[in-house]
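# An overview of the molecular structure
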Amino acid sequence: MGFLKTNSNELRMFECNDKKMEEVLGSDKIKELLEHKEYKEEIVMHEYKGVIFPLDTIKPSVLQALETWEARPEDVFVVSYAKAGTTWIQEVVSAIANGGDLEKLNKSHTFFRVPFIEATFFAGLDVCSCLLVESHLPGHLLPPDVFKKKARIVYVTRNPKDMCVSYYYFHIMNPTLPTPKSWNEFFDDFYSGKIMYGPWWEHFLFYWNLRHEPNVLFVKFEDMKMDLKAVVERVSKFMGYTISDDVINGIVDHCSFASMKKNPMTNPDGLFDQAHKKLDQQKKGNASKEGVTLVEPKQEKISFMRKGKVGDWRNHFTVAQNEAFDAFVHEKLAGSGLSFDF
Ligand code: PPS
């Protein structure tokens, strides 16, 4: 178990005990951080080595510091393109690492048990990795030491049509991201990869091409939907844990969509609630206005745990969009062997 510091080139590691871990990972910590965040009218994006990021939440300095992140072979990196089911597999990985001890899991939020390494709100904190971390970074931006030390990578992916829809709603509900003007505009940006985290097909293919490495496990959202128990078993075997059938069943239950949605320690909505509360206060003039302007009003009722289904794209894609997208996926993934259930 160790600490990692993401905002400097001196990435420190030291032993931590449960007490220290609770201090750092206490669920109130993230609320505090979000409450102090000031939301801006315009979300400024920046490009780092060919990939687009929001300047406030994923800073160039953090991305640069990650280039010298020291990994350990026993680390587990949960990696994905955004909206692929990251939070879901994060909870699975954390549950396995904690031997399915639900009481322990429910003491802090998933986001703190499996910290999001490139997010600026973790920079400057000593984040206890518990050996588990999360990243959406494409292969060329993930700390090179992860590959050198052969740290374990659990890569989760999802059919890109559903990812596009999920990402669209995420941009609408998340005050730190630009609000799309329309579904059509968002579709075009996603399609062409002109979006946070860049071209999704390149992201997929980088990790897909590593799938036979012993330190890489490639998981699909659709397989988790079809048979979560089988995926939990695969992940626990990959992580080197032998877990009883009862514990596996407990993890499967804990990680169902319904359980994760109603559990404040797995549903990220509570974290966004803090952000929305802050926005409301700003709107009503109750919060300090110094240096603060407001983002466009967001539709606050969209849940992070929105539908959790396969095939919701059918309710959004036009026939023409679907045809164009199919042809594009076919072209980009041709010859790779990677395919999706839509
Ligand atoms: S993020 O912001 O990139 O980390 O988002 P990510 O966690 O990758 O993806 C969010 C989508 O995953 C769905 N989700 C689940 N589906 C089924 N079961 C469980 N347990 C589960 N947990 C999260 C979540 O609902 C988002 O998908 P959509 O389609 O928007 O509902």
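Anything mentioned here points back to the structure above.
Residues numbered from 1 in each chain as written. Predicted model: local features only at pLDDT ≥ 70, side-chain atom pairs only at ≥ 80, totals over all residues.

With that out of the way, let us pick up the site of the ligand. Taken together, 21 residues sit near the ligand, with Thr86, Thr87, Ser166, Arg306 and Gly308 positioned nearest. Counting only elements with at least two residues in the shell around the ligand, the list comes to helix H4 (86-97), helix H8 (160-173) and helix H14 (257-262). With four residues, the single largest contributor to the shell around the ligand is H8. Of the residues contributing to the shell around the ligand, the split by class is nine nonpolar, seven polar and five charged. (Near = placed C-beta within 6 Å. Helix = DSSP H or I, 4+ residues; strand = E, 2+ residues; numbered from the N terminus. Nonpolar A, V, L, I, M, F, W, Y, C, P; charged D, E, K, R; others polar.)

With that out of the way, let us pick up the packing of H4 against helix H12 (residues 228-238). Contact geometry for H4 and H12: axes closest at 10 Å, N-to-C directions at 55°. In terms of orientation, H4 and H12 fall into the oblique class. The handedness of the crossing between H4 and H12 is right-handed. Of the residues in H12, those touching H4 at Val92, Val93 and Ile96 are Val232, Val235 and Ser236. Within the contact of H4 with H12, the residues separate by chemical class into five nonpolar, one polar and no charged. (Axes fitted to C-alpha atoms, helices over the stretch in contact; angles between N-to-C directions. Parallel < 35°, antiparallel > 145°, perpendicular 65-115°, else oblique. Left-handed = near helix turned anticlockwise from the far one by under 90°. Contact = placed C-beta atoms within 7 Å.)

Moving on to the sheet that holds strand E4 (residues 76-80). Here we have four strands laid out as an open sheet, ordered E6-E4-E7-E8, and parallel in their pairing. Strand pairing shows two members of the sheet lacking a second neighbour, strand E6 (132-135) and strand E8 (216-220), which therefore form its edges. Neighbouring strand axes in the sheet, compared pairwise and without regard to direction, differ in orientation by 20° on average. Direction of pairing for E4 relative to strand E7 (residues 152-157): parallel, over a ladder of five bridges. Paired with Val79 across the two strands is Tyr155, which belongs to E7. Sheet contacts for H12: E7 and E8; angle to E8, the most-contacted strand, approximately 170°. (Pairing = 2+ DSSP bridges.)

This part takes up the pairing of strand E2 (residues 45-48). Of the strand pairs in this sheet, E2 and strand E3 (residues 51-54) are connected by four bridges, and their pairing is antiparallel. Looking at E3, one finds that His46 is bridged to Phe53. A loop of two residues connects E2 with E3, the two strands running antiparallel in sequence, and Lys49 in this loop sits at a positive phi of about 45°.

Along the chain, the position of Val51 falls in strand E3. Val51 sits 143 residues away from Lys194 along the chain, and the two C-alpha atoms are 8.5 Å apart.

Next up on the list: the environment of Phe112. Position of Phe112 relative to the elements: it lies in helix H6 (residues 110-113). Taking the number of C-beta atoms within 10 Å as the measure of exposure, Phe112 has 24 and is therefore buried. It is 9.1 Å that separates the C-alpha atoms of Phe112 and Val133, two residues lying 21 residues apart in sequence. (Buried ≥ 20, exposed ≤ 12 C-beta atoms within 10 Å, placed from the backbone.)

Membership of the largest hydrophobic core comes to 69 residues, with the highest contact counts inside it found for Val78, Val92, Val93, Val154 and Tyr155. Beyond its immediate chain neighbours, meaning those up to four positions away, Val154 contacts Val76, Val78, Ile89, Val93, Leu217, Val219 and Val235. (Core = buried A, V, L, I, M, F, W, Y, C linked by C-beta atoms within 7 Å.)

What follows covers the environment of Val235. Note that Val235 resides in helix H12. With 23 C-beta atoms packed within 10 Å, Val235 lands in the buried category. As for Val235 and Phe218, which are separated by 17 residues in sequence, their C-alpha atoms are 9.6 Å apart. The residues contacting Val235, other than those within four sequence positions of it, are Val92, Val93, Ile96, Val154 and Leu217.

Moving on, we come to the packing of H8 against helix H9 (residues 183-192). Across the interface, H8 lies against H9 with an axial gap of 10 Å and an inter-helix angle of 120°. One way to sum up the angle between H8 and H9 is to call them oblique. Like other packed secondary-structure pairs, H8 and H9 cross with a definite hand, here right-handed. Here Cys164, Tyr167, Tyr168 and His171 of H8 come into contact with H9, specifically with Trp183, Phe186, Phe187 and Phe190. Classifying every residue of the contact of H8 with H9 by side-chain character gives seven nonpolar, one polar and no charged.

Bear in mind that shape data such as this cannot, by itself, settle questions of function.
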